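For reference, the chains in residue letters:
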Amino acid sequence: MLIAIGATAIILSTLAFQYSNSISTKVVDIATQEIRSNAIIQAHDLSEILTNRLESIIPLLQTLADAPALQNNEYQRARLIIDYRQNYTSSLTDFYMWLDKDGRIVWISNINSTTYQQYKGFDLSYRPYFTMAKNSGMEYYSSVIESNDKVPRYFLSYPILSKQGGEYRDANTTENGSFMGVVVAGIRTSILGDLLKNQLLPQFNSTIGLLDKNGLVLYANTQSYIGKNIFGKELQSALSTLLSPRSRDQLNEALKASVNSDGGSGSIDAISKQGTVNTIAFSPVLLNGTNFLTLYVAAPHNLAGDVASAIGEQKYFSILIITIIGSVASVIAYIILTWNKRLHAIVNSRTKDLDQANKELTSAYEQLKIHNKTQKEFIDIAAHELRTPLQPIIGIMNIIRSKVTDLEQQKLFDIVIRNAKRLQRLAEDVLDVTRIEGHTLDIKKEVFNINDAITSILQEYRSQIERNNNEKYNQSLEISFQPEKVGVYVKADKVRITQVISNLIDNAIKFAPQQNGKLDIVVSRSNDSENREELNGNVIVSVKDNGTGIDPEIMPKLFSKFVTKSFSGTGLGLYVSKNIIEAHGGKIWAENNNDGNGATFYFSLPISGISGLINISPQ
């Protein structure tokens, strides 16, 4: 029996070894072939992706060149159109640039004022993306060019040729088809490289490279190679240290064939001096049928080696593992049975504790709800009861004051009236806070002109400021209002919006300096809404003062409850204003002025889509 068992074990072990060895060889071959196929497929797919992304730029450049705004030198409209193109393709393009017929910069997309003044009128007529587009009258694709800011880019350009037609009002001043400049799209080499790198399959540890048709390296994992010729001495010397002589020669032949080809693709296995095999697959990037770039994907054969190593280890350790598994399984089964009994007892104990805790938590939650409801009802009743006697007090005091002729007594009445109104405003703010937190803030919308609403508010403020016995307002305060020239209509709660504007003006007046105080109110339109289909856009109202500004400590929580550093405020006004504006679908924000004097508060509201806008003159 022992001899039979031993013989059987030897025969089965031999057969298992031979079978395992055969399977190992097949798996290694499959893994190697898989890597080669994946490298070729990746190179082809990535070149198609790159071709599609680059070809999508040319129609955008063409529409820019044909746009009436550029044809007629309508600079403001043209800048907006160019900036919009950049925002649309920002994941690929670095910027769009407009050059006039002399090659001087007219506009660069999304550039700040300081930088624009630095580059405005800069002469780029010597760049090939200008000269080639001008001479050929067609689109041009450049090789890598180091820009004036020392960043390597390549450029796509399209000539601006004059057009004729009703929409081209100034076309009669130029001959149809005459050269008027170029529009250029700049693309960083790193952006294309990163775009392609993100498409690689991470499990194959592949790398990518880009060459132009002259053999210039446009992108590589090693940054120092970018901008150098692959056939130059430096890179050839680097290849000599990495590859065997035969592999280097084969690689150079493949590189020459790939950059000189107009559509061919292929692969080559390069062997390093350490014996590591890398499959290098290449595929052209074609633009309008012309070989613009050549893309390379290098995939190491680490996977095949890892597979072979893993299979070899499995052959030697499989029997040992089976024996260990049998022994360990018995021990684990015993431990699990014992541990399961103890765990069951612990779970039962913890479950009882958890049930008790849940009951206590439920009871506490119910008590908290009752307390919260009682608190809100108390605040609501207190605010209502406080507001009810204030209105007749203010009215009677105003009547009595109008009949008093003594200036000192008038001042005393003004103090009482002002503080009564302050108390009334506090009661209103408390009520509004209660309504906001209870989600019962009532909004009654109507269509009205925001310019007219602000004008009415300012008339009341100016009349109060002109009264010599009113201590609240600075007598030397200068208030200016710049309305939108075309009447701006909004659909909103006029009373609530008036409350917000009055609150912002009150704050600005309160913090304005006693001497030379200034208050600027501006109404303007904004079409930069998130919904590009919304033609009406938003109206933005800004209130600017030259006071002390907003303390940096409270700036992050400015529109929260009870946030204030003023002894005469509660910190509720801005919180209420924020919720009113947001209930109308708008936004409110604030910032300190750049000159260090004072702050500016803004809020935006959607413009109502009514027709028949009224033209008014600015005051």
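Residues numbered from 1 in each chain as written. Predicted model: local features only at pLDDT ≥ 70, side-chain atom pairs only at ≥ 80, totals over all residues. Heavy atoms only, no water.

K.L.:
Could you clarify how one ought to interpret unusual backbone geometry in this entry?
P.N.:
Across the chain, the bulk of peptide bonds are trans and the bulk of non-glycine residues have phi less than zero. Residue Asn 73 is not a glycine yet carries a positive backbone phi of 55 degrees. Within the secondary structure layout, Asn 73 lies in the loop between helix 3 (68–71) and helix 4 (75–88). Asn 73 gets classed as partly exposed once you look at its relative accessible area, which sits at 37%. We note that Asn 110 has phi near 50 degrees; this positive angle belongs to a residue other than glycine. Overall, Asn 110 belongs to the partly exposed group, its relative accessible area being 44%. (Helix = DSSP H or I, 4+ residues; strand = E, 2+ residues; numbered from the N terminus. Buried < 20%, exposed > 50% of the residue type's maximum accessible area, 1.4 Å probe, protein only.)

K.L.:
What exactly am I supposed to notice about the layout of surface pockets here?
P.N.:
It is a probe the size of a water molecule, rolled over the atoms, that shows where empty space is left. Roughly 790 Å³ of volume is contained in the second largest pocket. Surrounding the second largest pocket, 27 residues form its lining, Thr 207, Tyr 225, Leu 239, Ile 280 and Ala 298 being those nearest its centre. Elements with a minimum of two residues in the lining of the second largest pocket: strand 7 (207–212), strand 8 (217–219), helix 8 (233–242), helix 9 (245–260), strand 10 (277–287) and strand 11 (290–300). Here the residues of the lining of the second largest pocket sort into 20 nonpolar, seven polar and no charged. (1 Å grid on protein atoms, 1.4 Å probe; cavity = no way out; pocket = protein on both sides within 12 Å on 5 of 7 lines; lining within 4 Å. Points joined across faces, edges and corners; volume = space filled by probe spheres on them. Nonpolar A, V, L, I, M, F, W, Y, C, P; charged D, E, K, R; others polar.)

K.L.:
What exactly am I supposed to notice about a nonpolar patch on the surface here?
P.N.:
Nonpolar side chains collect at one region of the surface, where Val 331, Tyr 334, Ile 335, Trp 339, Leu 343, Ile 346 and Val 347 lie side by side and expose about 680 Å² of accessible area between them. Position of Leu 343 among the secondary structure elements: in helix 10 (residues 302–403). Among the residues examined, Leu 343 registers a relative accessible area of 31% and is labelled partly exposed. (Patch = residues over 30% accessible without salt bridge, like charges linked within 9 Å, V, L, I, M, F, W, Y side chains within 5 Å. Areas by Shrake-Rupley, 256 points an atom, 1.4 Å probe, with all protein chains shown as cover. Salt bridge = Lys/Arg side-chain N within 4 Å of Asp/Glu carboxyl O.)

K.L.:
So what exactly am I meant to see when it comes to the sheet that holds strand 13 (residues 478–482) here?
P.N.:
Note: strands within a sheet are paired through backbone hydrogen bonds, in either parallel or antiparallel orientation. Taken in spatial order, the five strands of this open sheet run 13-15-16-18-17, and their pairing is mixed. The strands lining the two open edges of the sheet, one partner per strand, are strand 13 and strand 17 (587–592). Geometrically, the sheet is characterised by an average inter-axis angle of 15 degrees between neighbouring strands, direction not taken into account. Inspection of the sheet shows strand 15 (residues 518–526) paired to strand 16 (residues 538–545) by eight bridges, in the antiparallel sense. Pairing of Arg 525 across the sheet is with Val 539, part of strand 16. Contacts from helix 13 (residues 494–511) reach strand 15, strand 16 and strand 18 (599–606) within the one sheet, and its direction differs from that of strand 18 by about 170 degrees. (Pairing = 2+ DSSP bridges. Axes fitted to C-alpha atoms, helices over the stretch in contact; angles between N-to-C directions. Contact = heavy atoms within 4.5 Å.)

K.L.:
Would you mind showing me how to read the packing of aromatic side chains here?
P.N.:
Aromatic ring pairs are defined here through the distance separating the ring centres and the angle between the ring planes. Using the criterion set out here, one finds eight aromatic pairs in the structure. Ring centres of Phe 130 and Phe 179 lie 5.7 Å apart, and the angle between their planes is 70 degrees; on these two criteria the pair is classed as edge-to-face. On the criterion of sequence distance, the pair formed by Phe 130 in helix 6 (residues 128–136) and Phe 179 in strand 6 (residues 179–188) is long-range, its members being 49 residues apart. By the ring-pair criterion, three or more aromatic residues cluster together here, those being Phe 95, Tyr 129 and Phe 155. Taking the ring centre of Tyr 575 as reference, the NZ or CZ of Lys 561 above it sits at 5.9 Å. (Phe/Tyr/Trp six-rings, centres within 6.5 Å; stacked < 30°, edge-to-face > 60°. Lys NZ or Arg CZ within 6 Å of the ring centre and 35° of its normal.)

K.L.:
What should I look at first to understand the side chain of Asn 593 in this one?
P.N.:
When you line up the elements, Asn 593 lands in the loop between strand 17 and strand 18. Since its relative accessible area comes to 11%, Asn 593 is described here as buried. For Asn 593, the side chain forms a polar contact with the main-chain oxygen of Asp 545, separated by 3.0 Å. A polar side-chain atom of Asn 593 sits 2.7 Å from the main-chain carbonyl oxygen of Asn 597. Once you skip the residues sitting within four places of it in the chain, Asn 593 turns out to touch Lys 544, Asp 545, Gly 598, Ala 599 and Thr 600. (Polar contact = N/O pair within 3.5 Å; in protein donor to acceptor, adjacent residues only side chain to side chain.)

K.L.:
Even after reading the chapter, I still don't get empty space enclosed by the protein, so can you show me in this structure?
P.N.:
According to the stated counting rule, one finds one cavity of 30 Å³ or more in the structure shown. Quantified by volume, the largest cavity comes out at close to 30 Å³. Lining the largest cavity, in full, are Leu 504, Asn 507, Ala 508, Val 543, Asp 545 and Phe 601. The set of elements that each furnish at least two residues to the lining of the largest cavity consists of helix 13 and strand 16. Per-element accounting of the lining of the largest cavity gives the leading share, three residues, to helix 13.

K.L.:
What should I look at first to understand helix 14 (residues 573–583) in this one?
P.N.:
Each turn of an α-helix holds 3.6 residues, which means side chains three or four residues apart point in the same direction. Taking burial as the measure, the 11 residues of helix 14 include eight buried ones, the bulk of the element. Gly 573, Leu 574, Tyr 575, Val 576, Ser 577, Asn 579, Ile 580 and Ile 581 are the residues of helix 14 that are buried. Once helix 14 finishes, Gly 585 follows within two positions and takes phi at roughly 80 degrees, a positive value.

K.L.:
I tried to follow the packing of helix 8 against helix 9 on my own but got confused; where do I start?
P.N.:
To characterise two packed helices, one gives the angle between the axes of the helices and the distance between these axes. Contact pair helix 8 / helix 9: the axes reach a minimum separation of 9 Å and the direction vectors enclose 140 degrees. As far as their axial angle goes, helix 9 and helix 8 are oblique. In this structure, helix 8 crosses over helix 9, and the sense of that crossing is right-handed. Contacts between helix 8 and helix 9 involve Gln 236, Leu 239 and Ser 240 on the former and, on the latter, Arg 248, Leu 251 and Asn 252. Across the contact of helix 8 with helix 9, the residue classes break down as two nonpolar, three polar and one charged. (Parallel < 35°, antiparallel > 145°, perpendicular 65-115°, else oblique. Left-handed = near helix turned anticlockwise from the far one by under 90°.)

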